[in-house]
Amino acid sequence: MHVVISGMFWDQPNVGSGQYLRGLLGALPGAGPEHQYTVLLPGYTNAKHQTLNAERKAEGGALNAEGERDAEDESSGLQCSVFRVLTTPFDGRSENLAKLWFEQVAVPLAAARLRADVLHVPYFAPPIWSPAPVVATVLDIIPLRLPEYRGSGRVRVYMGLVARAARRVAQVIAISDHSWGEIVAVLGLSPERVTTVPLAAGPQYRPLDRAPAAAVVAERYGLAQPFVYYVGGLDARKNVATLVRAFARMQRAGGPPATLAIAGRALGGDARLFPDLDAVVAEERAEAFVRRVEVPREDGPLLYAAATLFAYPSRYEGFGLPPLEAMACGAPVLAAESSSLPEVVGDAGLLAPADDVPAWAAALWRLLADSELREDLRRRGLERAAAFSYERAARETLAVYERAGRGAVLSLEA
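Residues numbered from 1 in each chain as written. Predicted model: local features only at pLDDT ≥ 70, side-chain atom pairs only at ≥ 80, totals over all residues. Heavy atoms only, no water.

Peer 1: Looking at this structure, how should I read the overall build of the protein?
Peer 2: Within the protein one finds 15 helices and 14 strands. Within the protein, buried positions represent 55% of all 414 residues. Here the contacts in the protein between residues at least 6 apart in sequence split such that 67% fall between residues at least 24 apart. (Helix = DSSP H or I, 4+ residues; strand = E, 2+ residues; numbered from the N terminus. Buried < 20%, exposed > 50% of the residue type's maximum accessible area, 1.4 Å probe, protein only. Contact = heavy atoms within 4.5 Å.)

Peer 1: What is the right way to read the side chain of threonine 195 from this model?
Peer 2: Relative to the assigned elements, threonine 195 resides in strand β8 (residues 194-196). The exposure class of threonine 195 is buried, given its relative accessible area of 18%. Polar side-chain contacts of threonine 195 include one of 2.8 Å to the side chain of arginine 403. Ignoring anything within four residues of it in the chain, the contact list for threonine 195 reads Gln171, Val172, Ile173, Ala174, Trp180, Val400 and Arg403. (Polar contact = N/O pair within 3.5 Å; in protein donor to acceptor, adjacent residues only side chain to side chain.)

Peer 1: Looking at this structure, how should I read the sheet that holds strand β12 (residues 309-312)?
Peer 2: Strand pairing in a sheet is mediated by backbone hydrogen bonds. Such pairs are either parallel or antiparallel. The 6 strands lie next to each other as β11-β10-β9-β12-β13-β14, forming an open sheet whose pairing is parallel. Each edge of the sheet is formed by a strand with only one pairing partner; in this case those strands are β11 (290-293) and β14 (350-352). Adjacent strand axes in the sheet meet at a mean angle of 25 degrees when their direction is disregarded. This element, helix α11 (residues 321-328), spans β12 and β13 (333-336) of the sheet and lies at about 170 degrees to β12. This element, helix α13 (residues 357-369), spans β9 (227-230), β12, β13 and β14 of the sheet and lies at about 170 degrees to β13. (Pairing = 2+ DSSP bridges. Axes fitted to C-alpha atoms, helices over the stretch in contact; angles between N-to-C directions.)

Peer 1: Could you clarify how one ought to interpret the pairing of strand β1 (residues 2-6) in this entry?
Peer 2: Of all the 5 residues making up β1, 5 are buried; the element is thus mostly covered by neighbouring parts of the structure. Side chains of β1 alternate between two faces, with His2, Val4 and Ser6 and Val3 and Ile5 buried alike. Summarising the sheet, β1 and strand β2 (residues 36-42) pair through 5 bridges and their orientation is parallel. Residue serine 6 lies in a different strand from β2, and its bridge partner there is leucine 40. As for the winding sense of the linkage, the β-α-β connection from β1 through helix α1 (residues 16-31) to β2 is right-handed. Examined bridge by bridge, β1 and strand β5 (residues 118-121) share 3 bridges and lie parallel to one another. Looking at β5, one finds that valine 3 is bridged to valine 118. (Right-handed = clockwise from strand over helix to strand, strands pointing away.)

Peer 1: What is the right way to read the packing of aromatic side chains from this model?
Peer 2: By convention here, two paired aromatic rings are described through the distance between centres and the angle between planes. Enumeration according to the criterion identifies 11 aromatic pairs in this entry. With 5.9 Å between their ring centres and 20 degrees between their planes, phenylalanine 310 and tyrosine 312 make a pair best called stacked. A residue is classified by how much of its surface remains accessible, and phenylalanine 310, at 0% relative accessible area, is buried. Aromatic ring contacts, followed pair by pair, group Tyr205, Tyr229, Tyr230, Tyr304, Phe310 and Tyr312 into a single cluster. (Phe/Tyr/Trp six-rings, centres within 6.5 Å; stacked < 30°, edge-to-face > 60°.)

Peer 1: What is the right way to look at the packing of α11 against helix α14 (residues 371-386) in this model?
Peer 2: Packed helix pairs are specified by the crossing angle of their axes together with the interaxial distance, meaning the distance between the axes. At a minimum axis distance of 7 Å, the contact between α11 and α14 shows a crossing angle of 115 degrees. Between α11 and α14 lies a crossing whose hand is left-handed. On α14, the residues that touch Leu324, Met327 and Ala328 of α11 are Gly381, Leu382, Arg384 and Ala385. A per-class count over the contact of α11 with α14 returns 5 nonpolar, 1 polar and 1 charged. (Left-handed = near helix turned anticlockwise from the far one by under 90°. Nonpolar A, V, L, I, M, F, W, Y, C, P; charged D, E, K, R; others polar.)

Peer 1: Which parts of the structure should I look at to understand the pattern of salt bridges?
Peer 2: Scanning all chains against the criterion turns up 17 salt bridges. A salt bridge links glutamate 103 to lysine 99; the shortest N-O distance between them is 2.6 Å. Here glutamate 103 pairs with lysine 99, and both are found in helix α3 (residues 95-113), just 4 residues apart, close to one helical turn. Residue classification places glutamate 103 among the buried residues on the basis of a relative accessible area of 2%. A salt bridge links arginine 292 to aspartate 278; its shortest N-O distance comes to 2.6 Å. Remark: aspartate 278 occurs in helix α9 (residues 277-283) and arginine 292 occurs in strand β11; sequence separation between them is 14 residues. Put simply, Asp235, Arg237, Lys238 and Glu317 are held in one network by salt bridges that share partners. (Salt bridge = Lys/Arg side-chain N within 4 Å of Asp/Glu carboxyl O.)

Peer 1: I'm lost on helix α7 (residues 210-221) in this one. Help?
Peer 2: An α-helix turns once every 3.6 residues. As a result, residues three or four positions apart point the same way. Taking 1.5 Å as the rise per residue, α7 with 12 residues should run 16 Å; its terminal C-alpha atoms sit 16 Å apart, in good agreement. Taken as a whole, α7 has its buried residues at Ala213, Ala214, Val217 and Tyr221. Burial along α7 is one-sided: seen end-on, the buried residues are contained in an arc of 100 degrees. Of the residues in α7, the exposed ones pointing more than 90 degrees away from the buried face are Ala211 and Glu219. Contacts made by the buried residues of α7 are with β9, β11 and α10 (300-306). The opening residue of α7, the one whose side-chain oxygen lies 3.2 Å from the backbone nitrogen of alanine 211, is aspartate 209. One or two steps after α7, the chain reaches glycine 222, where phi turns positive at roughly 70 degrees. (Expected span 1.5 Å × (residues − 1). Arc of directions from axis to C-beta.)

Below you can see the structure in the form of structure tokens.
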């Protein structure tokens, strides 16, 4: 079977779609070595990112007549046979149009030329037309469910296009059972066309010796233990304001002294989408015990390992990688009892209603005060995280490819 995979997010390893793509590509050849894998990458990103393809371009290799460039992936350690860079008429002129052309024109045409048996689009943007049966991974349907994420009229038109295309694909992969239910209900798909394949933490997220990790974090970030750590975006659904309010309430009530460390920054200026977190900190008079930090991706495991606990109050997730990453690094986890998070955390962490500030304050107090509970959650979290792997995801994804391929054969025979 020749599987052609859209690599749109290859050069964005810090976002969930990029982590998923890289994790899956790293495991697929081991799970199905008898198959051929070709990854299609957008040429327009090379102008802004130093990616695998930009490196290969510097080494030479002419574009073929279809505007493609083969690029062997030697540096990443992946075993995928071939990467191909696809150009569009809009490269260097309009990123939005280049993206749309790549998704709706360049990818399906390349799949036709490559005689793909299956085309996998591992995010929510399958093409309207494809010569091969399409498997689409719908990581979430946030823009269809949450009004503040629907964006401009142009964004809404785009989401209408990809939603229509998703209803026509052979198979859809959901990344949690909660997302499975949302996809079936909102997109109106038959249940047999949607399969849950959970994500996994990357290999860099593993248990570290806490004392050395804490020493490095204290020196590098000025964060001494005990501290509560949050990372995972500052947009509205992440609900970080509730965490700040609960932490401030707990501190004012005489709870265990600690610091709340919040990683990241708002990625836009729309107050509806990115609430003013500094204003919340000021309103709660929490400046003395709330720290804002910038943490590069490579230091993520250090912060997880050094943290006294990890808190994740998100109201809505397609999956929820940060709590899983935290558990994989040995951090006790407190998460919101919402959307997919109970599936990820299971009984290996504490759960609280997403918007219940008193409940969050009580849970923070309990975890900071009870070292035995933290040790128990640390142990259970490591066991829980070990149940998720990209080897498992690859095996289950291959089964979806095979169902998609069989369905196409049956349609031809009919």
